[in-house]
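Topology and contacts: notes
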Amino acid sequence: TIVTISTYPAASINLTGSATICSGDTRTLHVVPVAGATYQWLKDNNEISGATNTSLTINQFGSYSVRVSNSTCISTSNSIQVMESTIPDISIQPN
């Protein structure tokens, strides 16, 4: 009998730019590529339809992670929390 021990694929993501996003801005998340792996990006622990590449461009705040699968094992990355930036209200007062 042959026993094969598989290892979990590395699942680590990086964010290009600030973790704070303003309306109309975008940020790009990258996963370290793993040979032969497949990817599924998640937002707030829900799969993002069609988001299966090694990078993901986002324009919404939330918690992002990626699930990396090889032929036998699945790993989920750390989460990156992208926050919404609030624009301060500006009021002009007469002197």
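As the structure is a prediction and not an experimental result, all values here were calculated from the model. (Residues numbered from 1 in each chain as written. Predicted model: local features only at pLDDT ≥ 70, side-chain atom pairs only at ≥ 80, totals over all residues. Heavy atoms only, no water.)

**Section: the side chain of Ser-65**
Using the following cut-off: Segments assigned H or I by DSSP are reported as helices when at least four residues long, segments assigned E as strands when at least two residues long, and all are numbered from the N terminus. Exposure is judged per residue with a 1.4 Å probe applied to protein chains only, and the accessible area is read against the type maximum: over 50% gives exposed, under 20% gives buried, and values in between give partly exposed. Contacts were defined at the residue level, with two residues in contact if any of their heavy atoms lie within 4.5 Å.
Tracing the sequence through the fold places Ser-65 in strand β7 (residues 62–69). Classification of Ser-65 by relative accessible area gives buried; the value is 2%. Excluding its chain neighbours within four sequence positions, the residues that come into contact with Ser-65 are Ile-13, Gln-40, Trp-41, Leu-42, Thr-76, Ser-77, Asn-78 and Ser-79.

**Brief notes about the pattern of salt bridges**
Heads up, the condition is: Between Lys or Arg on one side and Asp or Glu on the other, a salt bridge is scored when a side-chain nitrogen of the former is within 4 Å of a carboxyl oxygen of the latter.
Taken as a whole and judged by the stated rule, the model has two salt bridges. Taking the shortest distance from any N to any O, the salt bridge between Arg-67 and Glu-47 comes out at 2.9 Å. On the criterion of sequence distance, the pair formed by Arg-67 in strand β7 and Glu-47 in strand β5 (residues 46–47) is long-range, its members being 20 residues apart. On the basis of relative accessible area, Glu-47 is assigned to the exposed category, the value being 54%.

**Details of the nonpolar core**
Quick reminder of the rule: To form a nonpolar core, buried Ala, Val, Leu, Ile, Met, Phe, Trp, Tyr and Cys residues must be joined to one another through side-chain atoms within 4.5 Å.
In terms of nonpolar packing, the biggest core is built from 16 residues, with Leu-29, Val-31, Trp-41, Leu-56, Val-66 and Val-68 touching the most fellow members. Secondary-structure elements contributing two or more residues to this core are β3 (27–31), β4 (38–43), β6 (55–58), β7 and β9 (80–84). Sort the elements by how many residues they give to this core and β7 lands first, with three residues.

**Examining the sheet that holds β3**
Heads up, the rule is: In this analysis, strands are considered paired if DSSP registers two or more bridges between them. Under this scheme, a helix contributes an axis fitted over its contacting stretch, all axes are lines through C-alpha atoms, and angles between N-to-C directions fall in the 0 to 180 degree range.
Reading across the sheet, the three strands line up as β1-β3-β6 and stay open at both edges, with antiparallel pairing between neighbours. Looking at the sheet topology across the chains shown, the edges are occupied by β1 (13–16) and β6. Averaged over all pairs of adjacent strands, the angle between strand axes in this sheet comes to 20°, irrespective of strand direction. One ladder, built from four bridges, connects β1 with β3; its direction is antiparallel. Looking across to β3, one finds that Asn-14 is bridged to His-30.

Limitation: the analysis is restricted to geometry and does not speak to function.
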